[in-house]
Amino acid sequence: QVQLVESGGGSVQAGGSLRLSCEASETIPFRNSLGWFRQAPGNEREGVGAIYLGSDSTWYADSVKGRFTISRDKPKNTVYLQMNSLQPEDTGMYYCATGPWVGSPLASSAYTSWGQGTQVTVSS
């Protein structure tokens, strides 16, 4: 089973930027999606964005459209989440995950392999 490791989290002021990385232990099948999710204490996990590896098509939650961008570096088996104009409500533990494409790329139930998470904290 593929292993995923997130990195790049930290603490920033509102309006700042961070770039998160998700490195896979092996090449992920091109028919898979890779998604980014976040969870704040006491809240349920929510989908942030996703990329379909067969075409590099991307999807984003309405709350982050225009601010977050997903990209990939195929030779490095790495997917990135660039986060700009960060707001306090973006605070949480961020996870990357992968699984076969099912047509609902922002639904956590579609994913079978998960990373350990990286913390993002945004102060006002």
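All figures in this text were calculated on a predicted structure; none of them were measured in a lab.

Asker: Tell me about the nonpolar core, residues and numbers included.
Answerer: Burial of nonpolar side chains together is a common tendency in soluble globular proteins. In this structure, Leu34, Trp36, Phe68, Leu81, Met83 and Tyr94 are the most contacted members of the largest nonpolar core, which totals 26 residues. If you list the elements that add at least two residues to this core, you get strand 3 (18-24), strand 4 (32-39), strand 5 (46-52), strand 7 (68-73), strand 8 (78-83), strand 9 (92-100) and strand 11 (118-123). It is strand 3 that contributes the most residues to this core, four residues altogether. Residues in contact with Met83, not counting those within four places in the same chain, are Gly16, Ser17, Leu18, Leu20, Arg67, Phe68, Tyr94 and Val120. If you look at the next biggest cluster of nonpolar residues, it comprises five residues, including Phe37, Ala50, Ala97 and Tyr111.

Asker: Quick rundown of the environment of Asn32? Include the residues and the values.
Answerer: Inspection of the secondary structure puts Asn32 in strand 4. Classification of Asn32 by relative accessible area gives buried; the value is 11%. A C-alpha to C-alpha distance of 22 Å links Asn32 and Lys65, two positions 33 residues apart in sequence. Apart from residues no more than four positions distant in its own chain, Asn32 is found in contact with Ile51, Tyr52, Leu53, Thr98, Gly99, Pro100 and Trp101. Side chain to side chain, Asn32 and Thr98 meet in a polar contact 3.2 Å long.

Asker: Report on the sheet that holds strand 8, specifying residues and quantitative values.
Answerer: Strand order in the open sheet made by the four strands is 1-3-8-7, with antiparallel pairing throughout. Whereas interior strands pair on both sides, the edge strands pair on one side only; in this sheet they are strand 1 (4-7) and strand 7. The average undirected angle you get between the axes of adjacent strands in this sheet is 20°. The pairing of strand 7 with strand 8 spans six bridges and is classified as antiparallel.

Asker: Just give me the short version of the state of the cysteines, but keep the residues and values in it.
Answerer: Overall, the coordinates contain one disulfide when judged by the stated rule. Linked covalently through their sulfurs, Cys22 and Cys96 form a disulfide whose S-S length is 2.1 Å. Here the disulfide of Cys22 and Cys96 is right-handed, its torsion about the S-S bond being about 70°. Here Cys22 is found in strand 3, whereas its partner Cys96 is found in strand 9, with 74 residues between them in sequence. Here Cys96 falls in the buried class, since its relative accessible area comes to 0%.

Asker: Help me get a handle on the pattern of salt bridges, residues and values and all.
Answerer: If you walk through the whole model with that rule in mind, you get six salt bridges. Put simply, Glu46 and Arg38 hold a salt bridge, and the shortest N to O gap is 2.8 Å. Take Arg38: its relative accessible area is 5%, and that puts it in the buried class. Each member of the salt-bridge network shares a partner with another, and the members are Arg38, Glu46, Arg67 and Asp90.

Asker: Residues and numbers for the packing of aromatic side chains, please.
Answerer: For the structure shown, the criterion picks out five aromatic pairs. With centroids separated by 5.2 Å and ring planes inclined at 80°, the aromatic side chains of Phe37 and Tyr111 adopt a geometry described as edge-to-face. Of this pair, Phe37 sits in strand 4 while Tyr111 sits in the loop between strand 9 and strand 10 (113-114), placing them 74 residues apart in sequence. Relative accessible area serves as the criterion here: at 0%, Phe37 is assigned to the buried category. Taking the centre distance of 6.3 Å and the plane angle of 70° together, the rings of Tyr111 and Trp114 count as edge-to-face. The class of Tyr111 is buried, set by a relative accessible area of 7%. Since its relative accessible area comes to 28%, Trp114 is described here as partly exposed. Through successive ring pairs, a cluster of aromatic residues spans Phe37, Tyr111 and Trp114.

Basis of the calculations
For every chain, the first residue of its written sequence is number 1, and the numbers climb from 1 along that sequence. In keeping with the model being predicted, local features are shown solely for residues with a pLDDT of at least 70 and side-chain atom pairs are shown and tallied solely at 80 or more, while totals for entire chains, interfaces and linings include all residues. Excluding hydrogens and water, the side-chain values take into account all heavy atoms of the structure. Put simply, buried Ala, Val, Leu, Ile, Met, Phe, Trp, Tyr and Cys residues joined by side-chain atoms within 4.5 Å make one nonpolar core. Exposed residues in this analysis have more than 50% of their type's maximum accessible area, buried residues have under 20%, and partly exposed residues fall in between, with area computed by a 1.4 Å probe over protein chains only. Helix and strand assignments come from DSSP, with helices taken as H or I runs of at least 4 residues and strands as E runs of at least 2, each series counted from the N terminus. Contacts: residue pairs with any heavy atoms within 4.5 Å of one another. Throughout this description, a polar contact denotes any pair of N or O atoms lying within 3.5 Å of each other; where both atoms belong to protein, one of them has to be capable of donating a hydrogen while the other can accept it, and for residues adjacent in sequence the pair is counted only when both atoms sit in side chains. A pair of strands is considered paired only if DSSP assigns at least 2 bridges between the two. Axis lines are fitted to C-alpha atoms, over the contacting stretch for helices. Their N-to-C directions set the angle, which ranges from 0 to 180 degrees. Working definition: a disulfide is two cysteine sulfur atoms within 2.5 Å of each other. For this document, the term salt bridge refers to a Lys or Arg side-chain nitrogen within 4 Å of an Asp or Glu carboxyl oxygen. Planes of paired rings set the category: under 30 degrees apart is stacked, over 60 is edge-to-face and the rest tilted, where pairs are Phe, Tyr or Trp rings (Trp by its six-membered ring) whose centres lie within 6.5 Å.

Honestly, it's all geometry; don't read function into it.
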